[in-house]
Amino acid sequence: MIQRVRGFKDVLPPESDIFYQIEKTARETFETYNFKEIRLPTVEYFDLFVKSTGEETDIVKKEMYKFEDNSKRVLALRPEGTPGTVRAFIENNLNLKGNSHKYFYIGNMFRAERPQAQRYREFEQIGVEYIGNPSPYADAEIIILLDSILKKLNLNNLYRIEINSLGCQACRKKYKELIVSELKKLDLCQDCNQRISKNPLRVLDCKIDQDKFKNIPPIELCDECLTHHNLLKEALNANNITFIENKLLVRGIDYYTKTVFEFKMSSQSSQDAIAGGGRYDNLVKLMGGVNSPSVGWAMGVERVVSLMISKGYKENDNNLVFVVSLSSKQSKFCFKIINLLRNAGIKTDFSNFENSLKSQMRDANSNSARYAIIIGEDEEKTSKLTIKRLSDGKQQKMEINEIINKIKNGELIL
């Protein structure tokens, strides 16, 4: 038997229903905030991620599925959504359609990292990119948007929000010079020792040495960056968004400027991020587009699924009607009733009409049906159908139109 590849996962019912509920909730919220969907290619040129994400990031150095196709092109499976969105924005001249652009994506990403709890080599991300708006209120908007999605999923009190500012390029240059000497005093892991000279800010993102950075001084922001950060905090406070300032929060990707943030599970762990993002004011221009200050985030859907399961997720009320035939002679009539119900918008199913009543009722229960419509010779002749509530076995006879009207109006009481 051929088995699935390690690090990849089959998403089966009822877990797949949780994925659907998360996606549905996100889509409804995006519509409220006027974000439009963008669907990105799964495969991009490898250089896209080197140029955008950063040559020294773990994503590029360790975690990408990189390969050469038959035409000797160096390609990669997308590890995140931002580079592809920016590439599409530039390539399709979307800047000509206005000054600010709101996009969301829902799709699978790929990273060839070591599999661990809620972290797979293929995983789903839901993300937003708000391109062209430099305002701190754009930052606040997408944070509030993400918070709204999680609250609609009833995950209140299961996460915390951490924010920080990395400042502009001038702020970061001074800060890098300041912390290099401090970092060299510490006994750090091999990766961190290599990063000190190339990208010292990335050291602060290390999960292994996190406890050693307590005495590292915070970044000193210029007046413009400080004003931006303070306005963001004021906007969040004004909208009752509780957050923590984490002065060492840097995120692991090179393109961030000013605002960075993470939504983390309330339980402390090294792998506790549910979602994260920030501002990337220089990325569009760096990749060949017009100057377009931007901000975005990405949410790991598997992490949210884990939170929902830990809270005791319950499937939405199942109003399934299961049609059962007492004899195969009533198969045609049963199938007609099934399609009348479905055409009326009622969730309906059946199994094999050749099977026994006991077997068909077992199928109804295994599908968590609420009602069973049991049809025999008498029901076909009189058009009075037997409907049975499976939770307590109560049943009565009524015509199909009455059943449809009562179910649709929530008035079916047996």
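This structure is a prediction, so every number in the text was calculated from the model and none was measured.

*Asks:* Any chance you could explain the overall build of the protein chain here in plain terms?
*Replies:* In terms of regular secondary structure, the protein chain is built from 15 helices and 16 strands. Overall, the C-alpha framework of the protein chain stretches about 90 × 55 × 45 Å when taken along its three principal axes. In the protein chain, which comprises 414 residues, the share counted as buried stands at 51%. Contacts in the protein chain between residues far apart in sequence, at least 24 positions, make up 68% of those at least 6 positions apart. Here the protein chain has roughly 21,300 Å² of accessible surface; of this, 47% comes from carbon and sulfur atoms. Distance between charge centres in the protein chain, computed from 62 positive and 55 negative side chains, equals 1 Å.

*Asks:* Honestly, the nonpolar core in this entry has me stumped. Any pointers?
*Replies:* The nonpolar side chains of a soluble globular protein tend to be buried, and buried together. Membership of the largest hydrophobic core comes to 48 residues, with the highest contact counts inside it found for Tyr-175, Leu-183, Leu-204, Phe-213 and Ile-216. Ranked by residue count, the leading element in this core is helix α6 (residues 169-184), at 4 residues. Each residue touching Tyr-175, except ones within four places of it in the same chain, is listed here: Leu-201, Leu-204, Ile-216, Pro-217, Pro-218, Ile-219 and Leu-248. In terms of nonpolar packing, the next biggest core, distinct from the first, is built from 43 residues, Leu-153, Ala-235, Trp-297 and Leu-307 among them.

*Asks:* What is the right way to look at the sheet that holds strand β16 (residues 395-399) in this model?
*Replies:* By definition, the strands of a sheet pair up through backbone hydrogen bonds, in either a parallel or an antiparallel sense. Sheet architecture is open: 5 strands sit in the order β13-β12-β14-β15-β16, paired in mixed fashion. Sheet topology places β13 (348-349) and β16 at the edges, where each strand pairs with a single neighbour. Here strand β14 (residues 371-375) pairs with strand β15 (residues 384-389) via 4 bridges, running antiparallel. Paired with Ile-373 across the strands is Ile-387, a residue of β15. Strands β12 (321-325), β13, β14 and β15 of the sheet are contacted by helix α12 (residues 331-343), whose axis makes an angle of about 170° with β12.

*Asks:* Help me out: how do you make sense of the sheet that holds strand β11 (residues 294-300) in this one?
*Replies:* Read from one edge of the open sheet, 8 strands run β1-β5-β6-β11-β10-β9-β7-β8, paired in mixed fashion. The outermost strands of the open sheet, each flanked by one partner alone, are β1 (36-37) and β8 (244-245). Relative to strand β10 (residues 273-279), strand β9 (residues 257-265) runs antiparallel, the two being bridged by 6 bridges. Bridge assignment links Thr-257 to a residue of β10, and that residue is Arg-279. Strands β7 (159-165), β8, β9 and β10 of the sheet are contacted by helix α9 (residues 223-238), whose axis makes an angle of about 160° with β7.

*Asks:* In this structure, what is going on with unusual backbone geometry? I would like to understand it.
*Replies:* Peptide bonds are mostly trans, and most non-glycine residues show a negative phi. The peptide bond linking Pro-13 to Pro-14 adopts the cis configuration, its omega dihedral lying at 5°. Along the chain, Pro-14 turns up in the segment before α1 (15-32). In the Ramachandran plot, Lys-72 falls in the positive-phi region, its phi being about 65° despite a non-glycine side chain. The phi angle at Asn-157 is positive, at roughly 70°, despite the residue not being glycine. Structurally, Asn-157 can be placed in the loop between α5 (136-152) and β7. Accessibility expressed as a relative area gives 71% for Asn-157, which makes it exposed.

*Asks:* What's the story with the packing of helix α2 (residues 46-53) against helix α4 (residues 82-91) in this structure? I'm lost.
*Replies:* Geometry of a packed helix pair, given as the angle between the helix axes and the separation of the axes. Put simply, α2 and α4 touch, their axes get as near as 9 Å, and they point 100° apart. Classed by the angle they form, the pair α2 and α4 counts as roughly perpendicular. Residue-level contacts link Leu-48, Phe-49, Ser-52 and Thr-53 of α2 to Pro-83, Gly-84 and Arg-87 of α4. A class-by-class count of the residues in the contact of α2 with α4 yields 3 nonpolar, 3 polar and 1 charged.

Conventions used here
- Residues numbered from 1 in each chain as written.
- Predicted model: local features only at pLDDT ≥ 70, side-chain atom pairs only at ≥ 80, totals over all residues.
- Heavy atoms only, no water.
- Helix = DSSP H or I, 4+ residues; strand = E, 2+ residues; numbered from the N terminus.
- Buried < 20%, exposed > 50% of the residue type's maximum accessible area, 1.4 Å probe, protein only.
- Contact = heavy atoms within 4.5 Å.
- Areas by Shrake-Rupley, 256 points an atom, 1.4 Å probe, with all protein chains shown as cover.
- Lys, Arg positive; Asp, Glu negative; His and termini not counted.
- Charge placed at Lys NZ, Arg CZ, Asp CG, Glu CD.
- Core = buried A, V, L, I, M, F, W, Y, C linked by side-chain atoms within 4.5 Å.
- Pairing = 2+ DSSP bridges.
- Axes fitted to C-alpha atoms, helices over the stretch in contact; angles between N-to-C directions.
- Parallel < 35°, antiparallel > 145°, perpendicular 65-115°, else oblique.
- Nonpolar A, V, L, I, M, F, W, Y, C, P; charged D, E, K, R; others polar.

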